[in-house]
Each structure stands twice: as C-alpha cells, then as structure tokens.
Amino acid sequence: MKPFTTTLLVAALTLSPATLLGEPTTAEAPSPKDATAEKKEEIKEEKKADVEIVVSCNDAMQFDKKEIEVPVGKVIKLTLKNVGKAPKIAMGHNLVILNKGADLQAWAMKAMPAKETDFIPADEESQKAILAYTKLLGPEEEDSITFTIKEAGDYEFLCSFPGHFALMKGKITAK
Ligand SMILES: [Cu+2]
C-alpha cells in the first residue's frame, strides 16, 4: 500500500502547481487580447469611412462649407485644411462639432480663455457638449477626425479660436 500512496501524492503535487499556474494565465489572457481587438477596430473604423468630407478654412476666418449633410449611423471622416498663411498664434483654426441642443454661444465663451488646451474648455459641461473636434491648425496644416452621428438632427460646429466663431460656424445635419 505504501508505494501506491506515494505515487498518488506525487501525482497530486505534480498536478496542483500546474493547475494553479495555468489558471491565472488563462484568466489574464483575454484582457491583452481585447485591447488588441479594440485597437484593430479603431484602425478599421478610420479606414472604412462611409463618407469623407473636406472643409477648408483661411486667413479671412471662413470655412468653405457652412452646411453639411451626413447620413445617420455612418462613419464620417472629416478633414479640416487650413489654407491660410497667417501664424497659428494669430489665426489658428479648429473645427469643433457640438452635440445636438448645445448652446454654441455659451460654449464659445468658455472656450475663449482656454488657451492651454488649444481653446477646448476642460470643464465637464463643455466637454459633454462636444461630439468631435480637430486639432488647432497653423498655416497649411490639416487634421482628420472620424465620428458617427447616431441621432438625426442639427449639430452646430465652430472654430473656437477667440473671436472666430461669429464668422466661423456652421451646421451639420444628420439624416
Ligand atoms: Cu478660426
């Protein structure tokens, strides 16, 4: 009987560390995999834009488009091109799309002093009002953003560089 018991014990000891080691490895495995999957999806989303829109802006504080129509639920790629020559510090431009029902004027006022964040106000209410936005562009720079509008309606957009929104604003209609 003695040798049999020893064999069993050895088997149990051999099995248990393996099981113990095996479990955490299996438990941890999904999270890095998920992260990779998410990254891949992001890249895919950028590549497979359903609609591509190019908006240009210039030293005269004008967007070349003021009314844009997009389909609801589709991936929209919007590129803002600054065709101006004036330095960014004096004539920077961005394109900020606000959520439906946001108060453009009030939002723009909060953006005005937000120089450290390129005129994107950091407070929670202002952040919540943003649907998407481009970087602040200097002369001959461009930036692309990808977004999806899930609900039909009008979404106002503006350039939040101080003093620009009076001229630099428009409306995206999602249908
Ligand atoms: Cu501007």
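Residues numbered from 1 in each chain as written. Predicted model: local features only at pLDDT ≥ 70, side-chain atom pairs only at ≥ 80, totals over all residues.

1. Observations regarding the nonpolar core
The condition that has to hold: Note on terminology: a nonpolar core is any set of buried Ala, Val, Leu, Ile, Met, Phe, Trp, Tyr and Cys residues joined through C-beta atoms within 7 Å. Neighbour density around each residue's C-beta defines its exposure: 20 or more other C-beta atoms within 10 Å make it buried, 12 or fewer make it exposed, and counts between make it partly exposed, where C-beta atoms are placed from the backbone. Helix numbers and strand numbers start at the N terminus; a helix is a DSSP run of H or I with at least 4 residues, a strand a run of E with at least 2. Two residues qualify as being in contact provided that their C-beta atoms, derived from the backbone, are within 7 Å of each other.
Counting residues in each nonpolar core, the largest one holds 27 residues, and the members touching the most others are Val96, Ile97, Leu98, Tyr155, Phe157, Leu158 and Cys159. Secondary-structure elements contributing two or more residues to this core are strand 3 (75-82), strand 4 (96-98), helix 4 (104-111), strand 7 (153-158) and strand 8 (169-174). Beyond its immediate sequence surroundings of up to four residues, Tyr155 is in contact with Ile97, Leu98, Asn99, Lys100, Leu131, Ile149, Ile172 and Ala174.

2. So, the sheet that holds strand 3
Let me state the cut-off plainly: Any two strands with at least two DSSP-identified bridges between them are counted as paired. Between the N-to-C directions of two axes lies an angle of 0 to 180 degrees, each axis being a line fitted to C-alpha atoms and, for a helix, fitted only over the stretch in contact.
Strand order across the open sheet formed by three strands is 1-3-6, with mixed pairing between neighbours. With one partner strand each, in any of the chains shown, strand 1 (51-57) and strand 6 (142-148) form the two edges of the open sheet. Neighbour-to-neighbour, the strand axes of the sheet open up by a mean angle of 20°, direction not taken into account. Relative to strand 6, strand 3 runs antiparallel, the two sharing seven bridges. Paired with Val75 across the strands is Thr148, a residue of strand 6.

3. Digging into helix 4
Using the following cut-off: Each C-beta atom gives one direction from the helix axis, and the arc is the one those directions make.
Within helix 4, the full set of buried residues consists of Trp107, Ala108 and Ala111. The arc that holds every buried residue of helix 4, seen down its axis, measures 100°, which confines them to one face. Facing away from the buried surface of helix 4 by more than 90 degrees, the exposed residues are Gln105 and Ala106. Buried residues along helix 4 sit in contact with strand 4, helix 5 (124-128) and strand 7.

4. Things to note about the environment of Leu137
Its place among the elements puts Leu137 in the loop between strand 5 (130-133) and strand 6. As a C-alpha pair, Leu137 and Leu95 span 42 residues in sequence and 9.4 Å in three-dimensional space.

5. Notes on the pairing of strand 7
Taken together, the two bridges between strand 4 and strand 7 define a ladder with antiparallel strand orientation. Bridge pairing in strand 7 places Val96 opposite Leu158. In this structure, strand 7 lies alongside strand 8, joined through six bridges in antiparallel fashion. Each bridged residue has a counterpart across the sheet, and for Glu156 the counterpart in strand 8 is Lys171.

6. With respect to the environment of Ala132
Relative to the helices and strands, Ala132 is located in strand 5. We classify Ala132 as partly exposed; it has 19 C-beta atoms within 10 Å. For Ala132 and Phe147, which are 15 residues apart along the polypeptide, the C-alpha to C-alpha distance reads 6.8 Å. Discounting chain neighbours no more than four positions away, the residues touching Ala132 are Ile97, Ile145 and Phe147.

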